[in-house]
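One-letter residues, chain by chain:
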Amino acid sequence: AGEVLDGDAFAARYGAGAVPDYVIRVDGDCFVDGRAAAEADDYSPSLLNHGENGNVVRYCATRRPPRVDFFVARDVSEG
């Protein structure tokens, strides 16, 4: 879950600094911002790699449609 931002919207929200946590750069001017989902009480994919033994080993992002696929080292249990 995340909000798709173009380069201008990203710059307005975060400035010219580094890409913050929970944001994935799809390409030069397309970002997926998972911050709101991460701050919600519900489960969010943006929390997949938290902890000492992070499980996400790679991700692939595509622009059309904006999508991020996560690849994990171990099976992910429900809950």
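Reading the values: the criteria
Residues numbered from 1 in each chain as written. Predicted model: local features only at pLDDT ≥ 70, side-chain atom pairs only at ≥ 80, totals over all residues. Heavy atoms only, no water. Core = buried A, V, L, I, M, F, W, Y, C linked by side-chain atoms within 4.5 Å. Buried < 20%, exposed > 50% of the residue type's maximum accessible area, 1.4 Å probe, protein only. Helix = DSSP H or I, 4+ residues; strand = E, 2+ residues; numbered from the N terminus. Phe/Tyr/Trp six-rings, centres within 6.5 Å; stacked < 30°, edge-to-face > 60°. Polar contact = N/O pair within 3.5 Å; in protein donor to acceptor, adjacent residues only side chain to side chain. Salt bridge = Lys/Arg side-chain N within 4 Å of Asp/Glu carboxyl O.

Core analysis: the largest hydrophobic core is formed by 5 residues, namely Ile-24, Val-26, Cys-30, Val-32 and Val-68. Of all the secondary structure elements, the ones that give two or more residues to this core are strand 2 (23-27) and strand 3 (30-33).

Applying the stated rule across the entire model yields 2 aromatic pairs. The interplanar angle of 10 degrees and the centroid separation of 4.0 Å between the aromatic rings of Phe-10 and Phe-31 together place this pair among those described as stacked. Note that Phe-10 is positioned in helix 1 (residues 7-14) and Phe-31 in strand 3, a separation of 21 residues in sequence. Residues Phe-10 and Phe-31 agree in their burial class; the two are buried. What links up through ring pairs into an aromatic cluster is the set Phe-10, Tyr-14 and Phe-31.

The next point concerns helix 1. The backbone nitrogen of Asp-8 has a side-chain oxygen 3.2 Å away, supplied by the residue at the start of helix 1, namely Asp-6. With its phi angle positive at about 80 degrees, Gly-15 sits one or two positions after the end of helix 1.

Attention now goes to the pattern of salt bridges. On inspection of all chains with the given rule, the structure shows 2 salt bridges. A salt bridge links Arg-13 to Glu-3, with the shortest nitrogen-to-oxygen separation between them at 3.0 Å. Pair noted here: Arg-13 is in helix 1 and Glu-3 is in strand 1 (residues 3-6), with a separation of 10 residues, a long-range link. Judged by its relative accessible area of 39%, Glu-3 is partly exposed. Where Arg-13 meets Asp-33, a salt bridge forms, and the shortest distance between an N and an O atom there is 2.9 Å. A residue pair is termed long-range when its members are at least 10 positions apart, and Arg-13 in helix 1 and Asp-33 in strand 3 qualify at 20 residues. When its relative accessible area of 4% is taken as the criterion, Asp-33 is described as buried.

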